[in-house]
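# Structural features, examined
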Amino acid sequence: MDRHSRELIGYGVAVGAVALALAIKVLDHPFVLLPAAVIVSAWYGGRGPGLLAAMLAAIGADILFLPPAGIGVLSDDLFALVALLAEAILIVEITVRLRTARELARHEAASAELARREAAFGLRMREELLSFLSTKLQGPLMGMVDSLISARSAVERGESARAMSALDGLARDVRVLQRTTEHWVAEAEPKSENR
């Protein structure tokens, strides 16, 4: 439903709710139902339909239930009518602000849920990446440590050929690690440029 149709329906609700409240009032019920019609109109349609309902309630109450006062005559009925109108306008404002706050809270809750899901996804991706990196790097790093220990032992014992072999193994592991990380950097660069 588009916005224009929703507004028209809101104004229709305002007229219908006040008409129903006035009809019930004709059956000798108190004015209590008129503010209820204003609340329904303001909640469903917003400020415009709520104010329309307030005006219709005041006009309807004046026409149907109050005796003609004449110009310059202030009666208790006129004060009651002004109080009804002021109360209705206040009800409209409170109702509209309450609905706006409710919609804002819903929107913020949805945004918070989305942020929570994105953060959880980021944490899962981080854990996967760390697991992947530790798996991929564990072999070369352990080989490098073993090669260093072997090279040191060979140097201490004066076995230069064995020390050179251990250093060659270390160089191999360093090259594997270097190729692996160069591959990761090359994979990451096109993704960075697209952002």
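The residue numbers shown here count from 1 along each chain, following its written sequence. Where local features are concerned, this predicted model is filtered to residues with pLDDT of at least 70; where side-chain atom pairs are given and counted, the filter is 80 or more; whole-chain, interface and lining totals use all residues. The basis for the side-chain values is all heavy atoms of the structure; hydrogens and waters are excluded.

### Some points on the overall build of the chain
Put simply, the rule reads: Numbering of helices and strands runs from the N terminus; a helix is a DSSP stretch of H or I covering at least four residues, while a strand is a stretch of E covering at least two. In this scheme, a residue with accessible area under 20% of its type's maximum is buried, one over 50% is exposed, and one in between is partly exposed, where area comes from a 1.4 Å probe on protein chains only. Residues are treated as being in contact if the distance between any of their heavy atoms lies within 4.5 Å. Accessible surface is estimated by sampling points in the Shrake-Rupley manner with a 1.4 Å probe; for residues, cover comes only from the protein chains shown.
Counting secondary structure elements, the chain contains five helices and zero strands. Each helix (α) and strand (β) of the chain, taken in turn from the N terminus, gives the series α-α-α-α-α. Relative to its 195 residues, the chain shows a buried fraction of 23%. Considering only residue pairs separated by 6 or more positions, the chain has 69% of its internal contacts joining residues 24 or more positions apart. In the structure as shown, the chain presents an accessible area of about 13800 Å², 65% of it carried by carbon and sulfur atoms.

### Brief notes about the packing of aromatic side chains
Here is the rule: A pair of aromatic rings is counted whenever rings of Phe, Tyr or Trp (Trp by its six-membered ring) have centres within 6.5 Å, and the orientation is called stacked for planes under 30 degrees apart, edge-to-face for over 60 and tilted otherwise. In this scheme, Lys NZ or Arg CZ marks a charge over a ring once it lies within 6 Å of the ring centre and within 35 degrees of the ring normal.
Overall, the coordinates contain zero aromatic pairs when judged by the stated rule. Its end group placed over the ring of Trp 43, Arg 99 keeps NZ or CZ at 5.4 Å from the ring centre.

### Things to note about the nonpolar core
Selection criterion: We define the nonpolar core as a collection of buried residues of types Ala, Val, Leu, Ile, Met, Phe, Trp, Tyr and Cys that are connected through side-chain atoms lying within 4.5 Å of one another.
Judged by nonpolar contacts, the single largest core of 20 residues is most densely connected at Val 18, Leu 34 and Val 38. Breaking this core down by element, the ones donating at least two residues are helix 1 (3–26), helix 2 (33–45), helix 3 (47–65) and helix 4 (76–157). Residue contributions to this core peak at six residues, all from helix 4. Apart from residues lying up to four places away in sequence, Val 38 is in contact with Gly 50, Ala 53, Ala 54, Ala 88, Ile 91 and Val 92.

### Some points on the pattern of salt bridges
Formally: A carboxyl oxygen of Asp or Glu within 4 Å of a side-chain nitrogen of Lys or Arg is what we treat as a salt bridge.
Scanning all chains against the criterion turns up nine salt bridges. Of the charged contacts in the structure, one is a salt bridge between Glu 93 and Arg 97, with a shortest N-O distance of 2.7 Å. Residue Glu 93 and its partner Arg 97 are located together in helix 4, separated by four residues, close to a single helical turn. Residue Glu 93 is classed as partly exposed on the basis of its relative accessible area of 23%.

### Observations concerning the confidence of the model for the chain
We count it as follows: The predictor attaches a confidence to each residue, called pLDDT, with possible values from 0 through 100.
With 84% of its residues at a pLDDT of at least 70, the chain reaches an overall mean of 81. Highest mean pLDDT in the chain belongs to helix 4 (87); lowest belongs to helix 5 (residues 160–194) (75).

### Brief notes about a nonpolar patch on the surface
Worth spelling out the cut-off: Residues enter patches when they are more than 30% accessible in relative terms and free of salt bridges; like-charged ones are connected within 9 Å and nonpolar ones (Val, Leu, Ile, Met, Phe, Trp, Tyr) within 5 Å.
Together, Met 55, Ile 59, Ile 63 and Leu 64 line one region of the surface with nonpolar side chains, adding up to about 400 Å² of accessible area. One can find Ile 63 in helix 3. Residue Ile 63 is classed as exposed on the basis of its relative accessible area, which comes to 64%.

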